[in-house]
Amino acid sequence: MIHIKTEQELEKMRVAGRLTAIARKAAADAVKPGVTTWEIDRIVRKTIEDAGAKPSFLGYGGFPGSACVSLNDQVIHGIPSKHAVVREGDIVKVDVGAYIGGFHGDCACTVPCGEVSDEAKKLIAVTRQSFFEGIKFAREGYRVSDIGAAVQAYVEANGFSVVRDYVGHGVGAALHESPEVPNYGKPGHGIRLQRGMVIAVEPMVNVGVYTVKVLPDGWTVKTRDGKLSAHYENTIAITDGEPEILTSIDGEVL
């Protein structure tokens, strides 16, 4: 069932979203050669807990970290580790969530560590922009597949591929709610978007094939061909006009 948020609920989600965006920025600012993914995770946890909130991911389905920190060909769900050291030229995906006031925020970004390849720079830029191409259709009256179709068209026009096995989702009192929000597909399908819906749109984009695999740890997802992947996500609210990005810091989006 899709939960349509009231204005009072949306106000609480703005608080959760802003804090989540602050945690994402803290994580992004921490990316430098020599830092471990465990250290990035600790920064996220401290940022969230110091604000009186809880990391949405910590213990979720048994996940051991407060953030998913994924390197290079890791797509999503990377488990923070003291042994995973970020090197110059790596790209780092950080996915964070914060729970406060009964509601979650959820957002992600991909950060270059120092100087990265031209291919990596393009991948990061295309992935981020594909989110904005998609949310042009995150408006009342459009269908959920219109978002994914726009994401896919932009990504593939730039020579990359869109992951199929993992998708965006509704967000609210639960971290994952209905509806699913794929980053691919044909326009004009699925449920019709309504004012008060809150969804996470999160393109996951690969340099090579779109197929992925899960590592034996049961969490970390990698590209099947070992090529780079990028991830970008924000939680947005459907309004009577332009979509509102809830995971922003005073209107600014990383």
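Going by the structure above, here's the rest.
Owing to the predicted nature of the structure, the values given are computational and were not obtained by experimental measurement.

*Asks:* Summarise the packing of helix α1 (residues 7-30) against helix α2 (residues 37-50); cite the residues concerned and give the values.
*Replies:* For the pair α1 and α2, the least separation of the axes is 9 Å and the interaxial angle reads 150°. By the criterion of interaxial angle, the relationship of α1 to α2 is roughly antiparallel. In the packing of α1 onto α2, the handedness of the crossing is right-handed. Residues Leu 19, Ile 22, Ala 23, Ala 26, Ala 27 and Ala 30 of α1 lie in contact with α2, whose contacting residues are Ile 40, Ile 43, Val 44, Thr 47 and Ile 48. Of the residues assigned to the contact of α1 with α2, the class counts are ten nonpolar, one polar and no charged.

*Asks:* With reference to specific residues and values, describe the pairing of strand β5 (residues 103-112).
*Replies:* Among the ten residues that make up β5, nine are buried, leaving the element largely enclosed by the rest of the structure. Pairing between strand β4 (residues 91-100) and β5: ten bridges, direction antiparallel. Among the inter-strand pairings, Lys 93 is bridged to a residue of β5, identified as Thr 110. Hairpin connection between β4 and β5: a loop of two residues separates the two successive antiparallel strands, and Gly 101 in this loop has a positive phi of roughly 65°.

*Asks:* Give a detailed account of the layout of surface pockets, specifying residues and quantitative values.
*Replies:* Space inside the largest pocket adds up to approximately 360 Å³. Contributing to the lining of the largest pocket are 23 residues, with Tyr 60, His 77, His 169, His 176 and Glu 202 lying nearest its centre. Where the lining of the largest pocket is concerned, the elements lending two or more residues are β7 (168-170) and β8 (177-181). The leading source of residues in the lining of the largest pocket is β8, at four residues. Residues of the lining of the largest pocket, tallied by class, amount to eleven nonpolar, six polar and six charged.

*Asks:* Break down the nonpolar core for me, with residues and values.
*Replies:* Grouped together as the largest cluster of nonpolar side chains are 37 residues, with contacts concentrated most on Ile 40, Val 86, Val 92, Val 201 and Ile 236. Listed by contribution, the elements that provide at least two residues to this core are α1, α2, β2 (67-71), β4, β5, α4 (144-157) and β9 (198-201). Ranked by residue count, the leading element in this core is α1, at five residues. Residues contacting Ile 40, with those up to four places away along its chain left out, are Ala 27, Ala 30, Val 31, Val 35, Val 69, Val 86, Val 92 and Val 94. In this structure, Val 116, Val 126, Val 151 and Val 162 belong to the second largest nonpolar core, which totals 14 residues.

What counts, and where the lines are drawn
Residues numbered from 1 in each chain as written. Predicted model: local features only at pLDDT ≥ 70, side-chain atom pairs only at ≥ 80, totals over all residues. Heavy atoms only, no water. Axes fitted to C-alpha atoms, helices over the stretch in contact; angles between N-to-C directions. Helix = DSSP H or I, 4+ residues; strand = E, 2+ residues; numbered from the N terminus. Parallel < 35°, antiparallel > 145°, perpendicular 65-115°, else oblique. Left-handed = near helix turned anticlockwise from the far one by under 90°. Contact = heavy atoms within 4.5 Å. Nonpolar A, V, L, I, M, F, W, Y, C, P; charged D, E, K, R; others polar. Buried < 20%, exposed > 50% of the residue type's maximum accessible area, 1.4 Å probe, protein only. Pairing = 2+ DSSP bridges. 1 Å grid on protein atoms, 1.4 Å probe; cavity = no way out; pocket = protein on both sides within 12 Å on 5 of 7 lines; lining within 4 Å. Points joined across faces, edges and corners; volume = space filled by probe spheres on them. Core = buried A, V, L, I, M, F, W, Y, C linked by side-chain atoms within 4.5 Å.

These figures capture arrangement, not role.
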